[in-house]
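Fold and contact review
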Amino acid sequence: MARLSHWLLASAATTALMAGAAQAQEPAQEKNRFVMVTHGVPSDPFWSVVKNGAEAAADLVGAELEYRAPSTFDMAKMQQLVQAAVASQPDGLILSFTDENALGSVVQDAVDNGIPVITINSGGDVARDYGARLHIGQSEYEAGKQAAERMQELGVEKGVCVNHEQGNQGLDQRCDGFVDGFDGNADQLATTYDPTNIRNAIVAYLNQNNDVRGVLTLGALAADPMIRAMREQGATDTFTLGTFDLSPGILEALDAGDLDFAIDQQQYMQGYLPVMFLDQFVKNGLLPAGDVATGPGFVTQENAAQVIELSSQGIR
């Protein structure tokens, strides 16, 4: 009996050693590598939230994520970044499809080389023409139109859309929708993304156009200087003020009643979802059957406080 017990123990030990050796010989599974290229400049808080979402998803699925963006809004530079990403042969490519003339052929090149592409934020209306598998974002034109409709509900008869990145396909579509929503009774005001330039341009425009009572900005880069200018002039109650996207400053202004509404496209999801979807596609061949709309939704003074806590966590 003692000999049998000794044999069983020895056999179990041998089996464990063999299993351990087999596991040691198995190569570690390589991580999927995804590259995300956006047009977002570092000073724009919108894109830090997109990046947070992408990194959270990559950590969850065990993928390697490389985030790349130009230091300024520069389509030539972004094209170079996408070309370099394609040349590195990632397992998947995610990009904001801001300008089909600059990026369309590069996306097609990625697809032709077997790299699955998901576009986010901009260009959802044309991305599939170049082989993109999926788009995650919102209809920019319709969101701009809804902004105009909301302003009209608040009594505005004429408005202005402040475009801080003219030539950005998505931002241009927002302004187009806004102007059409006013039946043409609205203007586009082109600025740079410099806060001082934006502030001065808005003040000068409103001084020259006394009949304009609605101002729409297209993101935090323009909203923050607009809000500061209106507060300095004591004019927050004189104008109906709206913006696209969220930031701590925008949420604070909404909560204080100095901003009437913000259009939320849930940019965290624009970073998070493409990483999750690409991981499933590479592993299992699975993708949603259609594009995924993350917006538009409206944040106002009534619900701003609910969003502020998530904004402090880098999620909204």
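Comments concerning the sheet that holds strand β2 (residues 64-68)
- Reading across from one edge, β2-β1-β3-β4-β5-β11 is the order of the six strands in this open sheet, with parallel pairing throughout. Single-partner strands in this sheet number two, and they are β2 and β11 (292-293).
- Note that strand β1 (residues 33-37) and β2 share five bridges and pair parallel. Bridge pairing in β2 links valine 37 to arginine 68.
- Sitting on the sheet, helix α2 (residues 45-61) touches β1, β2 and β4 (117-120), and the angle it makes with β2 is about 165°.

Considering the packing of aromatic side chains
- Tallied over the full model, the rule gives five aromatic pairs.
- Between phenylalanine 178 and phenylalanine 182 the ring centres are 5.1 Å apart and the planes differ by 70°, which places this aromatic pair in the edge-to-face class.
- A residue is classified by how much of its surface remains accessible, and phenylalanine 178, at 0% relative accessible area, is buried.
- When its relative accessible area of 3% is taken as the criterion, phenylalanine 182 is described as buried.
- Here phenylalanine 261 and phenylalanine 298 contribute two aromatic rings whose centre-to-centre distance is 5.6 Å and whose plane-to-plane angle is 65°, an arrangement assigned as edge-to-face. Within this pair, whereas phenylalanine 261 is found in strand β10 (residues 261-264), its partner phenylalanine 298 is found in strand β12 (residues 297-299), the two being separated by 37 residues in sequence.
- The ring of phenylalanine 298 carries the charged tip of arginine 150 above its face, separated from the ring centre by 4.1 Å.

Calculation criteria
- Residues numbered from 1 in each chain as written.
- Predicted model: local features only at pLDDT ≥ 70, side-chain atom pairs only at ≥ 80, totals over all residues.
- Heavy atoms only, no water.
- Pairing = 2+ DSSP bridges.
- Helix = DSSP H or I, 4+ residues; strand = E, 2+ residues; numbered from the N terminus.
- Contact = heavy atoms within 4.5 Å.
- Axes fitted to C-alpha atoms, helices over the stretch in contact; angles between N-to-C directions.
- Phe/Tyr/Trp six-rings, centres within 6.5 Å; stacked < 30°, edge-to-face > 60°.
- Buried < 20%, exposed > 50% of the residue type's maximum accessible area, 1.4 Å probe, protein only.
- Lys NZ or Arg CZ within 6 Å of the ring centre and 35° of its normal.

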